[in-house]
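Summary of structural features
This is what each chain is made of:
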Amino acid sequence: MSENTQRLVPTPGQTIGPFYGYALPYENGENLVDRSRPGAVRLHGTVYDGHGVPVPDSMLEIWQADEDGNVSQETGSLVRDGYTFTGFGRVAVDNEGHYTFTTVNPGPTEAGKAPFICLTVFARGLLNRLFTRIYLPEDTEALAKDPLLSGLSDSERATLVATREADGSLRFDVHLQGDGETLFLAYPGLE
């Protein structure tokens, strides 16, 4: 090395947002089932930043079992033919950070297990996507026995359990940081 060689400094990584609505959201991505289907349920909420301000340029994906606890083996997760349940949905939030999916209440994938929906968050300022779970609130016995939930504090658990509203819909707000921060999960190899 010569004396004139400068030491190079690594540049920062690219963030994964904002999303401009081109190519990522797709038609009916938020509708895992038609709202007229018996058992259809609305899953909705708002994505908030660390100051409690809605994040208007984030995108969410969900993966889930059907109402019998079966994980779809269908090819083509973007299929929206009105007959095929793929268990996958994707939606960009609106200008107030709100999202809505039309889906079904997932059943437990094993007897006695707490049913849940996997949620992935993409948003401005994140260097990588975030993973969490949305648990249904009804089966308190299964929730108490869940291996993930049983290892958490009450306040951490509360960030993973949806609220059932009077009309039967599920509300699940995502807090990226700060008070009530949603508990995010790490999966080896997916960071």
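See the structure printed just above.
Residues numbered from 1 in each chain as written. Predicted model: local features only at pLDDT ≥ 70, side-chain atom pairs only at ≥ 80, totals over all residues. Heavy atoms only, no water.

Quick notes on the overall build of the protein
In terms of helices and strands, the protein carries two helices and nine strands. For the protein, the sequential pattern of α-helices and β-strands runs β-β-β-β-β-β-α-α-β-β-β. Per-residue burial for the protein yields a buried fraction of 39% across its 191 residues. Residue pairs in contact within the protein that sit at least 24 positions apart in sequence constitute 71% of those at least 6 positions apart. When the accessible area of the protein is evaluated, it comes to approximately 11,300 Å², of which 51% is carbon and sulfur surface. (Helix = DSSP H or I, 4+ residues; strand = E, 2+ residues; numbered from the N terminus. Buried < 20%, exposed > 50% of the residue type's maximum accessible area, 1.4 Å probe, protein only. Contact = heavy atoms within 4.5 Å. Areas by Shrake-Rupley, 256 points an atom, 1.4 Å probe, with all protein chains shown as cover.)

Some thoughts on the pairing of strand β3 (residues 88-92)
Along a regular strand, successive side chains alternate from one face of the sheet to the other. Most of β3 is tucked away: four of the five residues are buried. Note that strand β2 (residues 59-64) and β3 share five bridges and pair antiparallel. Along β3, the bridge assignment pairs W63 with F88. (Pairing = 2+ DSSP bridges.)

Remarks on the sheet that holds strand β5 (residues 116-122)
Taken in spatial order, the four strands make up an open sheet running β3-β2-β5-β6, and their pairing is antiparallel. This sheet does not close on itself; its edge strands, each paired only once, are β3 and β6 (130-135). The sheet shows a mean angle of 25° between the axes of neighbouring strands, taken without regard to direction. (Axes fitted to C-alpha atoms, helices over the stretch in contact; angles between N-to-C directions.)

Here's the deal with the nonpolar core
Formed by 27 residues in total, the largest nonpolar core has its most connected members in L43 and L176. Those elements that place two or more of their residues in this core are β1 (40-48), β2, β4 (98-104), β5 and β6. Among the nonpolar cores identified, the runner-up in size contains nine residues, and A114, L143, L160 and L183 belong to it. (Core = buried A, V, L, I, M, F, W, Y, C linked by side-chain atoms within 4.5 Å.)

Overview of the environment of D139
With respect to the element layout, D139 can be found in the loop between β6 and α1 (140-145). A sequence separation of 26 residues divides D139 from K113, and the C-alpha atoms of the two residues are 9.3 Å apart.

Brief notes about the pattern of salt bridges
For side chains bearing opposite charge, pairing can occur when the charged atoms are close. Summed over all chains, the structure comprises six salt bridges. Between E61 and R90 there is a salt bridge whose closest N-O contact spans 2.9 Å. You can see E61 sitting in strand β2 and its partner R90 sitting in strand β3, a full 29 residues away along the chain. Pair check on accessibility: E61 and R90 agree, each one buried. Between D173 and R171 there is a salt bridge, with the nearest N and O atoms lying 3.0 Å from each other. A relative accessible area of 23% places D173 in the partly exposed class. (Salt bridge = Lys/Arg side-chain N within 4 Å of Asp/Glu carboxyl O.)

From the geometry alone we can't say anything about function, so treat these as descriptive.
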